[in-house]
There are 2 protein chains.
Amino acid sequence: MALRYALLGLLAKNEATGYELTQQFKETVIHFWTAHHTQIYRELLKMEEEGLTQSKTVQQNDYPDKKIYAITDKGFEQLLEWMLNKPVNAPKLKDDLLLRVSMFHFIPTDKAINFLETSKNHHKMGLEMTKQWSDDHFPNGTYKENELGEYLTIEFALRYMESWLSWCNWAIKELKKKGELEK
Amino acid sequence: MALRYALLGLLAKNEATGYELTQQFKETVIHFWTAHHTQIYRELLKMEEEGLTQSKTVQQNDYPDKKIYAITDKGFEQLLEWMLNKPVNAPKLKDDLLLRVSMFHFIPTDKAINFLETSKNHHKMGLEMTKQWSDDHFPNGTYKENELGEYLTIEFALRYMESWLSWCNWAIKELKKKGELEK
DNA sequence: CCGGGCATGTAAGGTGTTACATGATTTC
DNA sequence: GAAATCATGTAACACCTTACATGCCCGG
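Residues numbered from 1 in each chain as written. Chains lettered and ligands numbered in written order. Predicted model: local features only at pLDDT ≥ 70, side-chain atom pairs only at ≥ 80, totals over all residues. Heavy atoms only, no water.

- As recorded in an unreviewed UniProt entry, chain A goes by PadR family transcriptional regulator and comes from Fictibacillus phosphorivorans.

Describing the overall build of chain A
Then, number 1: In terms of regular secondary structure, chain A is built from seven helices and four strands.
Then, number 2: Relative to a compact globule of 183 residues, whose C-alpha radius of gyration would be 16 Å, chain A shows 21 Å and is clearly more extended.
Then, number 3: Counting the 183 residues in chain A, one finds 48% classified as buried.
Then, number 4: Contacts in chain A between residues far apart in sequence, at least 24 positions, make up 57% of those at least 6 positions apart.
Then, number 5: Charged side chains of chain A number 24 positive and 27 negative; the gap between the two group centres comes to 7 Å. (Helix = DSSP H or I, 4+ residues; strand = E, 2+ residues; numbered from the N terminus. Rg over C-alpha atoms; globule rule 2.2 N^0.38 Å. Buried < 20%, exposed > 50% of the residue type's maximum accessible area, 1.4 Å probe, protein only. Contact = heavy atoms within 4.5 Å. Lys, Arg positive; Asp, Glu negative; His and termini not counted. Charge placed at Lys NZ, Arg CZ, Asp CG, Glu CD.)

Focus on the interface of chain A and chain B
Then, number 1: Counting from both sides, the interface comprises 62 residues of chain A and, opposite them, 62 residues of chain B.
Then, number 2: The contact between chain A and chain B buries some 6,400 Å² in all, and 72% of this surface belongs to carbon and sulfur atoms.
Then, number 3: At the boundary of chain A with chain B, the tally comes to zero salt bridges.
Then, number 4: Those elements giving two or more residues to the side of chain A that touches chain B turn out to be α1 (2-11), α4 (73-85), β4 (92-94), α5 (96-101), α6 (109-137) and α7 (148-182) of chain A.
Then, number 5: Here the element with the most residues in the side of chain A that touches chain B is α7(A); it accounts for 19 residues. (Buried area = accessible area lost by both parts, 1.4 Å probe. Salt bridge = Lys/Arg side-chain N within 4 Å of Asp/Glu carboxyl O.)

Some remarks on the pattern of salt bridges
Any two side chains of opposite charge can pair, so long as their charged atoms come close to each other.
Residues and elements named next belong to chain A.
Then, number 1: Summed over the entire model, instances satisfying the criterion amount to 18 salt bridges over all chains.
Then, number 2: Between Glu43 and Arg4 there is a salt bridge whose closest N-O contact spans 2.9 Å. One end of the pair, Glu43, is in helix α3 (residues 37-49); the other, Arg4, is in helix α1, and 39 residues separate them in sequence.
Then, number 3: Accessibility expressed as a relative area gives 9% for Glu43, which makes it buried.

Describing the relation of the copies chain A and chain B
Then, number 1: Each copy superposes on the other: chain A lies on chain B with an RMSD of 0.1 Å after a rotation of 180° and an axial shift of 0.0 Å. The superposition of one copy onto the other is thereby described by a two-fold rotation axis. Measuring from the rotation axis to each C-alpha of chain A, the shortest distance belongs to Leu93(A), at 2.2 Å. (Least-squares fit on C-alpha atoms with pLDDT ≥ 70 in both.)

Let's talk about the packing of helix α1 (residues 2-11) of chain B against helix α2 (residues 18-27) of chain B
Residues and elements named next belong to chain B.
Then, number 1: Two elements in contact, α1 and α2, have axes separated by 11 Å at closest approach and are oriented at 105°. Taken as axis vectors, α1 and α2 run roughly perpendicular relative to one another. Where α1 abuts α2, its residues Leu3, Ala6, Leu7, Leu10 and Leu11 lie against Leu21, Gln24 and Phe25.
Then, number 2: Across the contact of α1 with α2, the residue classes tally to seven nonpolar, one polar and no charged. (Axes fitted to C-alpha atoms, helices over the stretch in contact; angles between N-to-C directions. Parallel < 35°, antiparallel > 145°, perpendicular 65-115°, else oblique. Nonpolar A, V, L, I, M, F, W, Y, C, P; charged D, E, K, R; others polar.)

A short note on the side chain of Thr130(B)
Then, number 1: Along the chain, Thr130(B) falls in helix α6 (residues 109-137).
Then, number 2: If sequence neighbours within four positions are ignored, Thr130(B) has contacts with His31(B), Ile154(B), Ala157(B), Leu158(B) and Met161(B).

Focus on the protein's contact with DNA strand C
Then, number 1: Surrounding DNA strand C, one finds 21 residues, the nearest of these being Met1(A), Gln39(A), Tyr19(B), Lys67(B) and Lys94(B).
Then, number 2: Near the protein, within 4 Å, the atoms of DNA strand C are sugar or phosphate in 62% of cases.
Then, number 3: Residue Lys92(B) places a side-chain N or O atom 3.5 Å away from a phosphate oxygen belonging to DNA strand C.
Then, number 4: Secondary-structure elements contributing two or more residues to the surface near DNA strand C are α3 of chain A together with α2, α3 (37-49), β3 (66-71) and β4 (92-94) of chain B. (Near = heavy atom within 4 Å. Polar contact = N/O pair within 3.5 Å; in protein donor to acceptor, adjacent residues only side chain to side chain.)

Description of the protein's contact with DNA strand D
Then, number 1: Around DNA strand D lies a shell of 22 residues, among which Tyr19(A), Lys67(A), Lys94(A), Met1(B) and Gln39(B) are the nearest.
Then, number 2: Counted by atom, the contact set of DNA strand D within 4 Å of the protein is 61% sugar and phosphate.
Then, number 3: Measuring from a phosphate oxygen of DNA strand D, one finds a side-chain N or O atom of Tyr19(A) at 2.4 Å.
Then, number 4: In the model, a phosphate oxygen of DNA strand D is placed 2.6 Å from a nitrogen or oxygen of the Lys94(A) side chain.
Then, number 5: Among the elements of the structure, α2 (18-27), α3, β3 (66-71) and β4 of chain A together with α3 of chain B are those that each provide at least two residues to the surface near DNA strand D.
Then, number 6: For the surface near DNA strand D, a count of residues per class yields seven nonpolar, eight polar and seven charged.

Focus on the layout of surface pockets
Then, number 1: Quantified by volume, the largest pocket comes out at close to 1,200 Å³.
Then, number 2: Around the largest pocket, the lining comprises 37 residues; the ones closest to its centre are Ile30(A), His31(A), His123(A), Ala90(B) and Pro91(B).
Then, number 3: At the level of elements, α2, α3, α6 and α7 of chain A together with β4 of chain B are the ones that each hand at least two residues to the lining of the largest pocket.
Then, number 4: For the lining of the largest pocket, the element with the highest residue contribution is α6(A), accounting for 11 residues.
Then, number 5: Per-class residue counts for the lining of the largest pocket are 18 nonpolar, 14 polar and five charged.
Then, number 6: Built from parts of two domains, the lining of the largest pocket gets at least three residues from each of domain 1 (2-85) and domain 2 (96-182) of chain A.
Then, number 7: By volume, the second largest pocket amounts to about 910 Å³.
Then, number 8: When residues of the lining of the second largest pocket are assigned to their parent elements, the largest contribution, 10 residues, is made by α6(B).
Then, number 9: Two domains each provide a minimum of three residues to the lining of the second largest pocket, namely domain 1 (2-85) and domain 2 (96-182) of chain B. (1 Å grid on protein atoms, 1.4 Å probe; cavity = no way out; pocket = protein on both sides within 12 Å on 5 of 7 lines; lining within 4 Å. Points joined across faces, edges and corners; volume = space filled by probe spheres on them. Domains from an automatic or database assignment.)

Brief notes about α2(B)
Residue and element names in this part refer to chain B.
Then, number 1: Turning to α2, its buried residues number three or more, namely Gly18, Leu21, Thr22 and Phe25. On an axial view of α2, the arc spanned by its buried residues comes to 105°, and they lie on one face. Across from the buried face of α2, at angles greater than 90 degrees, the exposed residues are Tyr19 and Lys26.
Then, number 2: Considering only its buried residues, α2 is in contact with α1, β1 (16-17), α3 and β3. (Arc of directions from axis to C-beta.)

Here's what the structure looks like:
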C-alpha cells in the first residue's frame, strides 16, 4: 500500500506521467523507498480505477503519446488519512553487501577488503551526486514551502552515506589489522 | 535467492531449527535483511529438497517436536559460489517513517515533530539493546574467528542508529525553527 | 485465566522482479 | 552502427505478508 502513497505524495505537488514519476523516484525517493517502473505503472492504473487520480492523454508527434496523472480530492483525502492515522511500519532494509559482510569469516581477508573498496567507491559517487543535487535545489539551505519533505529526507540520505563511508573505512582497517596478524 | 544464502550462512556456523534461525534473524540479521518465520520455514523445505541442507527430527516430551537443519557440502559450495562470484545487488530500503517525512509539508508542524519524537524513542531503545548485545558478545572489542561477520555488521547497525538519532534531532530543530516563524 | 514462549507449518493474496515489446530521435 | 532517451505497458514468475491452525507449559 505504501507505494501508492509515495505516488500520491508526488502527484499532490505536481501532475506527472508514469515516466516522470519513475525519474523522481530515482532522484529522491530511492533514498527511502524503491520501486521499478513496471510497478509504478501498475499502481497508477489501479489508483485511476479507484478514483484517486485522473489522467489525460496527450498526443505527441515525435515521441510516444503520454498520459498525465493528477491527484483527485479523494486521493488527497486518503493520503492525509494514511499519513495521520495509519500505523508506521518498521523500516525494512535488504543490503546484499552487508549480507556478504556478515559472512566474511568464510572468505580470504584480501577478497573481503576488495568488496568493501568497491562498495566504498559506489557510496562515494552516490554521496557526490546527492550533494550536487542538494546544492542545486536548496542553495544556502533555503527551501520552498512544498519542499520541506525533500529537504529533510535529502539531509538524511547525505548523513546515511557519510556514515556508511566512515563505517566502511573502519571495517577496512579492522580487516587489514586481521590480515597483518595472519602473515 | 538471497534469503537462502543468509540461512546457509547461519547454518554454516551452527546447525539450528527454523525457530532458532528466526530468533537469530531478529537479533542480528534484521539490521541488514528482513524475513518472516513463514518465509524461513518455506525456504528451509526447498533447500532440503535441493540437497543444500539435511535435517533430523527430534522428539520432545514437553514441547513440540523440532527439526534440526545442518548445511551439506553442496550447500556450503553454493554459498561460497554466491559470495565470491555473484553480482552484488543495490541495497533496498523501505522506510515508512521517512516516506511520511517526505510529505511533512502536508501536515501541521507539531504533528510532524510528534512523529519524529516517537521514532527517536524507538531508535534510542534499539540502540540501547544493540549496544548491550554487542557488549555481551564482544567484550573489549574481541571476537572469535567465526564471529568476524557479526562483529562488523553490528558496528554498522550501531553507527546507523546513531546517525539516525543525530539526523532526527537536527530535523526536530529545523521543524521547531519553522514552527516559530509561523506564529 | 491470560499472555507469552516453544515449534511447526499452510493458504491466500499482495508486492517486486525480469524479460519482452514498440518505435522514432538523438548522441557517441 | 550502437546505445540511450522518450513513453508505455503485459506476462510470468518469484518473493513477502497476513491470517490461521495446533497445543502444551509457565509466570503473573
